[in-house]
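# Secondary and tertiary structure notes
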Amino acid sequence: MNIFDLAGGDAGPAETAAPMCSRKACRTGAAWQLLWNNPKIHSPERRKVWLACEEHRLWLEDYLQTRGLWKETLPLDLAAVSGTDS
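Let me sum up the structure you'll find in this document. (Residues numbered from 1 in each chain as written. Predicted model: local features only at pLDDT ≥ 70, side-chain atom pairs only at ≥ 80, totals over all residues. Heavy atoms only, no water.)

Among the structural elements, histidine 56 can be located in the loop between β2 (48-52) and α1 (57-66). The contacts of histidine 56, once residues within four sequence positions are left out, are Cys21, Arg23 and Cys26. (Helix = DSSP H or I, 4+ residues; strand = E, 2+ residues; numbered from the N terminus. Contact = heavy atoms within 4.5 Å.)

Shown next as structure tokens:
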């Protein structure tokens, strides 16, 4: 018996999880993407992404803005995330 057999290797491709809010302990579905970068370590064109639900969007924006990291907030395109056309 191979240890990798225990993982169910023949199950096929894993399902893509729905995007969730980046706020600590929040498991609500994301509706927004907050684009940011840290100019001390990232090139100007580099964008990191945090996902936000409706409830935490403003909190996460404020967190990034206070530190001078926030660049822009865009609606999350779920079709692009899942790789399907609508």
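Where two cysteines share a covalent bond between their sulfur atoms, that bond is called a disulfide. Under the defined criterion, the tally for this structure stands at zero disulfides. In this structure cysteine 26 is not part of a disulfide, and its nearest cysteine sulfur, from cysteine 53, lies 3.9 Å away. Cysteine cysteine 53 remains unbridged, with the sulfur of cysteine 21 as its closest cysteine sulfur at 3.8 Å. (Disulfide = S-S within 2.5 Å.)

Let us now look at the side chain of glutamine 33. Structurally, the position occupied by glutamine 33 is in strand β1 (residues 32-36). For glutamine 33, the side chain forms a polar contact with the main-chain oxygen of proline 75, separated by 3.4 Å. With residues up to four places along the chain from it excluded, the contact list for glutamine 33 reads Val49, Trp50, Leu51, Glu72, Thr73, Leu74, Pro75 and Leu76. (Polar contact = N/O pair within 3.5 Å; in protein donor to acceptor, adjacent residues only side chain to side chain.)

Moving on: α1. For α1, the set of buried residues is Leu60, Glu61 and Leu64. Across the axial projection of α1, the buried residues extend over an arc of 100 degrees, all falling on one side. Away from its buried face, by an angle of more than 90 degrees, α1 presents the exposed residues Leu58 and Thr66. Taken together, the buried residues of α1 touch β1, β2 and β3 (70-75). Directly after α1, the chain includes glycine 68, whose backbone phi takes a positive value near 70 degrees. (Buried < 20%, exposed > 50% of the residue type's maximum accessible area, 1.4 Å probe, protein only. Arc of directions from axis to C-beta.)

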